[in-house]
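# Examining the three-dimensional arrangement
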2 protein chains.
Amino acid sequence: MVPNKLLRLRVFNVCKKPSRGYRNKPDFTKNTYQVERGFYNYLQEPHLHYFQKILGDDERVLTNLSDLEKYNVDWYQQVRGSSAVVLKPKTTEEVTKIVEYCNANKLALCTQGGNTGCSAGAVPVFDEIILSTELMNEIIEIDENAGTILCQSGVILEALDRAVSEKGLMVPLDLGSKGSCNIGGNVSTNAGGLRLLRYGNMHGNILGLEVVKANGEVLDCLKLMRKDNSGLHIKNIFVGSEGTLGIITKVALQCVPRPKSQQVAFLGLQSYEKVLSTMRKARQELGEILSAIEVMDAISLEWGQQHNKLTLPIDKYPFYLLLETSGSNEEHDNNKLNSFLESALVQNHVLNGVVTGEPSKVQAIWAIRERLPEGFKNHGWLGLYDLSIPVTQFYNLVDETRAYLKNQVEYVFGFGHLGDGNIHLNVLGKKYNKRLAQDLETFLMKRVLELKGSMSAEHGLGFLKRKYLPMVNSPGSYQLMKELKRILDPNHILNPYKVFP
Amino acid sequence: MVPNKLLRLRVFNVCKKPSRGYRNKPDFTKNTYQVERGFYNYLQEPHLHYFQKILGDDERVLTNLSDLEKYNVDWYQQVRGSSAVVLKPKTTEEVTKIVEYCNANKLALCTQGGNTGCSAGAVPVFDEIILSTELMNEIIEIDENAGTILCQSGVILEALDRAVSEKGLMVPLDLGSKGSCNIGGNVSTNAGGLRLLRYGNMHGNILGLEVVKANGEVLDCLKLMRKDNSGLHIKNIFVGSEGTLGIITKVALQCVPRPKSQQVAFLGLQSYEKVLSTMRKARQELGEILSAIEVMDAISLEWGQQHNKLTLPIDKYPFYLLLETSGSNEEHDNNKLNSFLESALVQNHVLNGVVTGEPSKVQAIWAIRERLPEGFKNHGWLGLYDLSIPVTQFYNLVDETRAYLKNQVEYVFGFGHLGDGNIHLNVLGKKYNKRLAQDLETFLMKRVLELKGSMSAEHGLGFLKRKYLPMVNSPGSYQLMKELKRILDPNHILNPYKVFP
């Protein structure tokens with residue numbers, strides 16, 4: 001029923017159709033995108049000799065083309081850089097020497113963590129030198145009493161979480177890419193993820209940073225305190241700066257007590273109004289144990305189901321909610337969630353629902369939500385928008401978009417992190433229509449700005465969305481961003497072509 | 001037994017002994033402290049006429065000396081400015097006009113919210129024009145679904161909390177001064193307070209800000225999204241900047257579900273090791289409902305008791321812990337706290353303890369902790385230090401300080417927000433000893449820096465601690481702070497003599 005066409009995932013419609021000759025290997029970014037190389041020097045033998053001198057051996061200075069491939073292409077296979085060298089420092093001192101040298105020699109640098117970004121912010125656009133943090137993976141200190149952790153920036157999120165779990169702690173951040181992404185990248189992108197609703201963003205959880213500036217100087221903001229008001233809060237400038245202002249080398253983070261129980265409820269609802277009233281009720285009654293509120297509309301689920309062939313625990317309804325709770329006492333948590341569901345049914349907030357705390361069933365229900373995107377990706381044209389707008393307006397925008405596009409596309413639908421106001425608005429059409437895609441983008445941009453929302457909720461601007469920087473920020477904010485860039489990286493050697501248009 | 005001498009509260013030993021002629025009215029700061037007036041113009045008639053033209057009537061341009069007094073003296077009566085005018089704008093536009101004019105005419109400005117700061121950061125040092133935000137008190141919008149609030153910066157914290165409480169929400173910040181302090185001041189000082197352990201700091205809770213820059217430009221970073229990664233995070237630059245980089249005019253904040261039940265436990269313990277093991281146990285077992293962990297040593301409590309004459313619910317012990325829980329289900333919360341106490345007793349973590357959820361008793365137990373400082377304040381010399389250090393080292397530092405000072409003082413003791421690593425280290429002596437105080441300060445500074453701690457956990461640097469800025473921050477951080485100041489306020493008209501030495 002659904003034509004099995006080549007994937008043409010369009011993040012913001014900026015992503016180009018992968019070349020058919022390179023299935024799973026996009027064409028070089030410099031050929032595909034209108035972007036001009038900056039006035040940087042080209043890598044030469046003496047540069048390589050210098051790097052080899054610093055890093056000691058060839059395993060940490062990769063120049064073999066086949067070794068470079070995975071660093072030059074992003075995880076989503078959207079872009080492809082043409083860097084000729086990957087450097088793998090192990091220490092801050094080594095980073096310092098590399099950066100200082102690159103700055104003096106006008107060599108552009110692209111810092112890469114786990115290379116799991118969605119906006120192509122961590123792969124080179126041209127021939128930038130790739131500075132990989134993957135060997136900077138030391139967990140320096142876990143303070144069990146304070147619930148804090150100090151580590152190098154290249155530690156993989158999951159490894160970090162595993163390390164603190166032995167102390168009954170949890171890293172207050174969970175992402176689908178946790179098996180690959182680096183904590184330094186999480187800080188650089190202000191990663192949101194599944195637990196933001198409960199534990200807040202990186203600004204609230206980061207205690208300190210060590211950053212190497214573009215001139216090679218080490219900026220020490222590496223404090224381990226939950227409370228510190230002894231001057232301007234410099235570290236926060238680097239949170240969400242996507243590698244454009246400095247290279248994060250060490251991270252101090254606060255952790256939370258690790259929950260002992262986890263439950264999910266899967267609910268069917270009549271309308272978006274009922275979705276909102278149920279969310280309010282859940283916030284009130286589940287309070288401190290609520291850890292996720294995900295919404296899906298009927299079309300999302302139908303498409304998802306057609307492909308993923310997962311069993312729905314309830315019948316079909318216009319809307320669905322997935323609520324997750326996690327806490328320190330299983331009996332209490334079950335009791336709360338069951339009482340909530342009972343009264344939500346009696347009070348007609350929800351039409352049907354199930355609750356489970358059994359790990360395999362919890363996982364099965366999460367799969368319905370998490371595997372949704374797989375259901376759409378092989379259709380003709382998928383327009384995917386990662387928006388933040390006030391939850392009250394969340395589904396209105398889906399309806400408005402549907403009305404705007406009329407019968408020019410097949411489906412317009414929405415699902416996402418309702419608890420954070422982060423919507424994934426999707427458009428499915430038989431075939432990519434450039435004019436329509438541009439019109440839609442203009443329409444969405446206008447509405448999102450009116451709603452004081454965001455065109456990039458959690459993915460950052462990176463390379464693919466950089467042109468939106470001056471559009472989605474006020475002129476004053478934009479000006480100040482440029483000033484910060486000028487102060488911290490006057491030669492623009494750090495992650496060029498990213499964030500800034 | 002305790003001589004009832006004149007209060008000589010010394011915050012960091014910078015605070016001077018109040019002049020005996022001005023009991024409750026300190027001498028003018030310009031006479032007491034070694035500080036030089038900047039090259040600002042003096043207020044003249046034409047300036048006043050301009051302000052009167054903008055603000056319309058005399059009630060919003062105060063020039064009467066008796067009206068000015070409460071704006072010129074800080075809440076702690078530590079300092080006294082000599083400003084000749086208080087301006088009370090109601091709108092961002094009015095602020096813009098004032099600031100633009102002051103910048104053009106080189107007139108210094110001091111922004112003041114509730115004037116409840118501890119470091120004299122919100123009162124003029126010389127004749128700075130006082131810009132009071134007290135009439136900027138409009139609550140613009142509460143979004144019940146998103147759990148967000150948008151308001152002007154002069155709204156009183158308690159009023160804000162009352163407004164959201166009707167929607168089942170709570171402002172994620174609670175301070176002793178909530179009846180007077182302004183949300184704009186809370187943002188400017190990155191206020192911590194009693195709920196930080198549970199709900200995090202202002203960086204994590206602020207969604208957006210509107211700021212008037214020194215040149216009068218409005219910097220619009222006023223988004224209402226929990227997730228937004230569309231450029232550098234400019235708003236965070238102003239969090240904790242204590243009025244030196246811009247004037248916050250509007251604030252968007254996320255709220256949390258309002259807890260329905262509150263309990264406290266008051267525990268007696270044998271040693272600081274037991275304090276730490278009990279805290280770890282509480283984190284594990286009380287998890288998501290834990291909302292405060294306060295520690296007191298025997299000396300703190302003994303001195304507090306002598307003066308406050310409050311009944312202790314348990315006998316005397318070397319250490320005491322006050323744990324607070326708050327949640328959505330009273331029965332569950334009581335059950336958790338009782339089980340915790342029972343096993344803490346059986347496992348010998350604690351020697352004795354009581355638990356209560358009865359509001360009057362909860363209040364009585366909190367009074368034991370909150371009224372502690374009243375017990376010391378009438379003694380000869382009180383040295384009070386608001387430090388953040390790793391909790392593991394928390395009490396070691398009290399012991400080290402005691403060993404360092406030997407018999408040169410009467411008592412060295414500690415109490416504070418253990419859950420946040422925020423210690424209040426106190427020294428009581430018969431008489432102020434300048435040399436000893438300076439030695440102690442040097443000693444503490446050295447130890448705090450070694451421990452990567454903070455000399456100002458929650459109070460900010462303000463005027464009184466400004467000289468510590470370059471000492472407690474790395475040279476690179478300090479340099480960057482000065483760069484930010486230069487960019488945002490090149491004429492240094494905003495809150496001069498504060499934060500920056």
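Residues numbered from 1 in each chain as written. Chains lettered and ligands numbered in written order. Predicted model: local features only at pLDDT ≥ 70, side-chain atom pairs only at ≥ 80, totals over all residues. Heavy atoms only, no water.

### Here's the deal with the overall build of chain A
- In terms of helices and strands, chain A carries 17 helices and 19 strands.
- Radius of gyration (C-alpha) of chain A: 23 Å, near the 23 Å computed for a compact globule of 501 residues.
- Principal-axis analysis of the C-alpha atoms gives chain A an extent of 75 × 55 × 45 Å.
- Looking at the 501 residues of chain A, the share that counts as buried comes to 64%.
- The long-range fraction of contacts in chain A, counting pairs at least 24 apart against all pairs at least 6 apart in sequence, stands at 75%.
- Total accessible area on chain A stands at roughly 18600 Å², and carbon and sulfur atoms take up 49% of it.
- Here chain A contributes 58 positively and 54 negatively charged side chains, and the mean placements of these two sets differ by 7 Å. (Helix = DSSP H or I, 4+ residues; strand = E, 2+ residues; numbered from the N terminus. Rg over C-alpha atoms; globule rule 2.2 N^0.38 Å. Buried < 20%, exposed > 50% of the residue type's maximum accessible area, 1.4 Å probe, protein only. Contact = heavy atoms within 4.5 Å. Areas by Shrake-Rupley, 256 points an atom, 1.4 Å probe, with all protein chains shown as cover. Lys, Arg positive; Asp, Glu negative; His and termini not counted. Charge placed at Lys NZ, Arg CZ, Asp CG, Glu CD.)

### A short note on the interface of chain A and chain B
- Tallying the contact residues gives 92 residues for chain A and 92 residues for chain B.
- Taken together, both faces of the contact between chain A and chain B bury some 7400 Å²; the carbon and sulfur share is 54%.
- Its largest share of buried area at the contact with chain B, chain A owes to Asn145, Lys227 and Leu232 of chain A, together 13% of the area lost on that side.
- Connecting chain A to chain B are eight salt bridges.
- Here Lys227 of chain B makes a salt bridge to Glu458 of chain A, at a shortest N to O gap of 2.8 Å.
- Scanning the region where chain A abuts chain B turns up 51 residue pairs in polar contact (both at pLDDT 80 or more).
- In terms of residue count, the dominant contributor to the side of chain A that touches chain B is helix α17 (residues 475-488) of chain A (nine residues).
- Considering only residue class, the side of chain A that touches chain B consists of 33 nonpolar, 38 polar and 21 charged. (Buried area = accessible area lost by both parts, 1.4 Å probe. Salt bridge = Lys/Arg side-chain N within 4 Å of Asp/Glu carboxyl O. Polar contact = N/O pair within 3.5 Å; in protein donor to acceptor, adjacent residues only side chain to side chain. Nonpolar A, V, L, I, M, F, W, Y, C, P; charged D, E, K, R; others polar.)

### Looking at the sheet that holds strand β9 (residues 206-212) of chain B
Residues and elements named next belong to chain B.
- Overall, antiparallel pairing links the five strands, which are arranged β6-β7-β11-β9-β10 in an open sheet. In this open sheet, the two edge strands, each paired with only one partner strand, are β6 (139-143) and β10 (218-221). Each adjacent strand pair in this sheet contributes to an overall mean axis angle of 10 degrees, direction not counted.
- In this sheet, strand β11 (residues 247-254) lies alongside β9 in antiparallel orientation, the contact comprising six bridges. Bridge pairing links Leu209 to Val251 in β11. (Pairing = 2+ DSSP bridges. Axes fitted to C-alpha atoms, helices over the stretch in contact; angles between N-to-C directions.)

### Things to note about the environment of Asp74 of chain A
All names here are of chain A.
- Topologically, Asp74 is positioned in the loop between α3 (65-72) and β3 (86-87).
- Residue classification places Asp74 among the buried residues on the basis of a relative accessible area of 2%.
- For the pair Asp74 and Val61, spaced 13 residues apart in sequence, the C-alpha to C-alpha distance is 20 Å.
- Within the structure, the side chain of Asp74 is placed 2.6 Å from the backbone nitrogen of Gln78, a separation counted as a polar contact.
- At 3.0 Å, the side chain of Asp74 and the backbone nitrogen of Val79 are in polar contact.

### What about the relation of the copies chain A and chain B?
- Superposing chain A onto chain B requires a rotation of 180 degrees together with a translation of 0.0 Å along the rotation axis, leaving an RMSD of 0.0 Å. Given the turn and translation reported, the copies of this chain are related as if by a two-fold rotation axis. Minimal C-alpha distance to the rotation axis in chain A is attained by Gly204 of chain A, lying at 1.9 Å. (Least-squares fit on C-alpha atoms with pLDDT ≥ 70 in both.)

### Some words on the packing of helix α10 (residues 272-286) of chain B against helix α15 (residues 391-405) of chain B
Residue and element names in this part refer to chain B.
- The contact between α10 and α15 brings their axes to 10 Å, and the two run at 160 degrees. Considering the angle they form, α10 stands roughly antiparallel to α15. Handedness of the α10/α15 crossing: right-handed. Residue-level contacts link Tyr272, Leu276 and Met279 of α10 to Val391, Thr392, Phe394 and Tyr395 of α15.
- Looking at the contact of α10 with α15, its residues break down into six nonpolar, one polar and no charged. (Parallel < 35°, antiparallel > 145°, perpendicular 65-115°, else oblique. Left-handed = near helix turned anticlockwise from the far one by under 90°.)

### Overview of the packing of helix α2 (residues 45-55) of chain B against helix α4 (residues 92-104) of chain B
All names here are of chain B.
- Running from N to C, α2 and α4 point in directions that differ by 165 degrees, and their axes come no closer than 10 Å. Relative to α4, α2 is oriented roughly antiparallel. Remark: the crossing between α2 and α4 carries right-handed chirality. Contact with α2, carried on its side by Pro46, His47, Tyr50, Phe51, Ile54 and Leu55, involves Glu94, Lys97, Ile98, Tyr101 and Cys102 of α4 and no other residues of that element.
- In terms of residue class, the contact of α2 with α4 is built from eight nonpolar, one polar and two charged.

### Thoughts on the pattern of salt bridges
- Per the stated rule, a full pass over the model turns up 54 salt bridges over all chains.
- Among the salt bridges present, the one from Lys452 of chain B reaches Asp220 of chain A, with a minimum N-O distance of 3.9 Å. Residue Lys452 of chain B is located in the loop between α16 (434-450) and α17 (469-472), and its partner Asp220 of chain A is located in strand β10 (residues 218-221); the two belong to separate chains.
- Residue class for Lys452 of chain B comes out partly exposed when judged on its relative accessible area of 33%.

### Regarding unusual backbone geometry
- One non-glycine residue, Lys106 of chain A, lies in positive phi territory at about 50 degrees.
- Note that Lys106 of chain A resides in the loop between α4 (92-104) and β4 (109-112).
- Here the phi dihedral of Val499 of chain B falls at roughly 60 degrees; this positive angle occurs in a residue that is not glycine.
- As for its placement among the helices and strands, Val499 of chain B is situated in the segment after α18 (475-488).

### Some points on the sheet that holds strand β2 (residues 61-62) of chain A
Residues and elements named next belong to chain A.
- Judged by pairing direction, the sheet is mixed, and its four strands sit side by side in the order β2-β3-β5-β4 without closing on themselves. What marks the edges here is a single partner per strand, and that holds for β2 and β4.
- Across two bridges, β2 lies against β3 in antiparallel orientation. Across the sheet, residue Leu62 finds its bridge partner in β3, namely Val86.

### What to know about the pairing of strand β14 (residues 290-297) of chain A
All names here are of chain A.
- Judged by how many residues are buried, β14 sits mostly within the fold: eight of eight residues are covered.
- Two strands pair when backbone bridges link them, and β14 and strand β15 (residues 319-327) are joined in this way by seven bridges, in the antiparallel orientation. Across the sheet, the residue bridging to Ile293 is Leu323, located in β15.
- When β14 meets strand β18 (residues 411-417), the two strands line up antiparallel, connected through two bridges. The residue of β18 that forms the bridge with Met296 is Phe415.

### Here we look at the confidence of the model for chain A
Residues and elements named next belong to chain A.
- Averaged over chain A, the pLDDT score is 90; the fraction of residues at 70 or greater is 95%.
- Every residue in residues 1-23 is under pLDDT 50, and counting partners more than four places away or in other chains gives 55 contacts.
- Interface confidence for the predicted complex, given as ipTM, is 0.91, next to a pTM of 0.91. (pLDDT = per-residue confidence, 0-100.)

### Observations regarding the packing of aromatic side chains
Residue and element names in this part refer to chain A.
- By the definition in use, this model includes 28 aromatic pairs over all chains.
- Through pairs of rings, three or more aromatic residues link up here, namely Tyr272, Phe319, Phe394 and Tyr395.
- Stacked on the ring of Tyr42, the Lys or Arg Arg37 has its end atom at 3.6 Å from the ring centre. (Phe/Tyr/Trp six-rings, centres within 6.5 Å; stacked < 30°, edge-to-face > 60°. Lys NZ or Arg CZ within 6 Å of the ring centre and 35° of its normal.)

### Details of the side chain of Ser119 of chain A
Residues and elements named next belong to chain A.
- Inspection of the secondary structure assignment puts Ser119 in the loop between β4 and β5 (129-132).
- Relative accessible area serves as the criterion here: at 2%, Ser119 is assigned to the buried category.
- In this structure Ser119 touches His459, Gly460, Leu461, Gly462, Phe463, Leu464 and Lys465, once residues within four positions along its chain are discounted.

### A look at α10 of chain B
All names here are of chain B.
- An ideal rise of 1.5 Å per residue puts 21 Å on 15 residues; α10 measures up with 20 Å between its terminal C-alpha atoms.
- When we look at burial in α10, the residues that qualify are Tyr272, Val275, Leu276, Ser277, Thr278, Met279, Lys281, Ala282, Arg283 and Leu286.
- Within two residues after α10, Gly287 carries a phi angle of roughly 35 degrees, on the positive side. (Expected span 1.5 Å × (residues − 1).)

### As for helix α5 (residues 157-165) of chain B
Residue and element names in this part refer to chain B.
- Inspection of α5 places Leu157, Leu160, Asp161, Ala163 and Val164 among the buried residues, and these make up the whole buried set. An end-on view of α5 places all buried positions within 160 degrees of arc, on one side of the element.
- Looking at the buried residues of α5, the elements they touch are β6, β7 (148-152), β8 (169-170), α6 (183-188) and β11. (Arc of directions from axis to C-beta.)

### Quick word on the UniProt feature "domain: FAD-binding PCMH-type" (unreviewed entry) in chain A
- In the numbering used here, UniProt assigns the feature "domain: FAD-binding PCMH-type" (unreviewed entry) to residues 79-258 of chain A.
- With 22% helix and 24% strand, residues 79-258 of chain A has its two end C-alpha atoms placed 38 Å apart. (UniProt positions renumbered as here; feature names shortened; annotations may be inferred.)

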